[in-house]
Amino acid sequence: MNIHIPTPLRAYTGGLETVSVAGATVNAVFQQLTVQYPDIKQHLFTPEGKLRSFVNVYLNDDDLRYLPNKEETAVTEFDELTIIPSIAGGKSC
Amino acid sequence: MLRIHYDDYESLRTHGEETYPNECCGVLLGKNIAGEGNHVRQIVRAGNTRTDSAHNRYHIAPQELVKIQRQARGLGLDIVGFYHSHPDHPAQWSKTDFAEAHWLGCSYIITSVDQGKAVLTNSFLLTGTGEDDKNFEDEPIQIDIATHVAEAEAHNQKGQE
Ligand SMILES: [Zn+2]
């Protein structure tokens, strides 16, 4: 399946915006992504292996966090994952 | 150095005036040119989801970002930065802005809007290799008027009158 990589993380995918990774679940796809592109791992996951809190992952148009099976959701080669770090801020602390 | 067309620059400043006294936000699409910096080719206005505290916070819905990233891909462009406004507050990044900035290599533009009027616009480049060593660096803005010279000159003259 295709995974769309946000601008800052393309430094770890050889500049590619879209990478193709095989796997039967989102977890398996992530696993394979970090095998193919090992340097991306620490930017997506905490040392405990959890997705970093500011990293949003969309399976097609759905937020992974709100899918019933989350990372265990089954995927096909026609699905698309989009990785998108959050954008927020504000003038006060 | 951040390069942006005059029309886009004016448009993101106007956005901050329109949403005053709330913060506006949006996305910069363009290309990073090695050795030069981020060149903005188009800006995309986004909604501020922080309706609970929009006068001092902004947040772009990830769903909207996914759409904008898709739009960029269709145009052969990349997300190279973001902009937001500071109503009645300096055009400098805050602790919150820094803590919530995660797009390394991208430009974060901030416009101060005083009493509804856009005043200063500054850009900050998020540098570093990760969350541990990230840093905001002052980034000069080059405003390009080349493609709309006549129009831009008209604007300039108006500004000088
Ligand atoms: Zn801010």
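About the criteria used
Residues numbered from 1 in each chain as written. Chains lettered and ligands numbered in written order. Predicted model: local features only at pLDDT ≥ 70, side-chain atom pairs only at ≥ 80, totals over all residues. Heavy atoms only, no water. Contact = heavy atoms within 4.5 Å. Buried area = accessible area lost by both parts, 1.4 Å probe. Salt bridge = Lys/Arg side-chain N within 4 Å of Asp/Glu carboxyl O. Pairing = 2+ DSSP bridges. Helix = DSSP H or I, 4+ residues; strand = E, 2+ residues; numbered from the N terminus. Donors = N, O, S within 2.8 Å, 3.2 Å for Na, K, Ca; no water. Tetrahedral: all angles 85-135°; square planar, octahedral: opposite > 155°, others 65-115°. Buried < 20%, exposed > 50% of the residue type's maximum accessible area, 1.4 Å probe, protein only. Disulfide = S-S within 2.5 Å.

## A few points about the interface of chain A and chain B
Line of reasoning, step 1. Of the residues lining the interface, 27 residues belong to chain A; the matching set on chain B comes to 33 residues.
Line of reasoning, step 2. Note on chain A versus chain B: buried area summed over both sides is about 2700 Å², and carbon and sulfur give 55% of it.
Line of reasoning, step 3. The largest share of the area that chain A buries against chain B comes from Ile87(A), Ala88(A) and Lys91(A), three residues that together contribute 29% of it.
Line of reasoning, step 4. Taken together, the links from chain A to chain B amount to 3 salt bridges.

## So, the sheet that holds strand β3 (residues 55–59) of chain A
Residue and element names in this part refer to chain A.
Line of reasoning, step 1. The strand order across the open sheet formed by 5 strands is β2-β1-β5-β3-β4, and the pairing between neighbours is mixed. The sheet is open, and its two edges are formed by β2 (18–20) and β4 (62–63), each paired on a single side.
Line of reasoning, step 2. Here strand β1 (residues 2–4) pairs with β2 via 3 bridges, running antiparallel. Bridge pairing in β2 places His 4 opposite Thr 18.

## Some remarks on the coordination of the zinc ion
All names here are of chain B.
Line of reasoning, step 1. Protein coordination at the zinc ion comes from His 84 (NE2), His 86 (NE2), Asp 97 (OD) and Asp 97 (OD), with a distance range of 2.0 to 2.5 Å.
Line of reasoning, step 2. For the zinc ion, the 4 donor atoms are set out with angles of 57 to 159° between them, so the coordination reads as irregular.
Line of reasoning, step 3. The motif formed by the donor residues of the zinc ion, counted along the single chain, is H-x1-H-x10-D. Residue His 86 is found in strand β5 (residues 78–87), and its partner Asp 97 is found in helix α3 (residues 95–99); the two are separated by 11 residues along the sequence.
Line of reasoning, step 4. Taking the relative accessible area as the measure of exposure, His 86 reaches 0% and is therefore buried.
Line of reasoning, step 5. Residue Asp 97 is classed as buried on the basis of its relative accessible area of 3%.

## Quick word on the state of the cysteines
Residue and element names in this part refer to chain B.
Line of reasoning, step 1. Tallied over the full model, the rule gives 0 disulfides over all chains.
Line of reasoning, step 2. Cysteine Cys 25 is unpaired, with the sulfur of Cys 24 as its nearest cysteine sulfur at 6.7 Å.
Line of reasoning, step 3. Not part of a disulfide, Cys 106 finds its nearest cysteine sulfur in Cys 25, a span of 15 Å.

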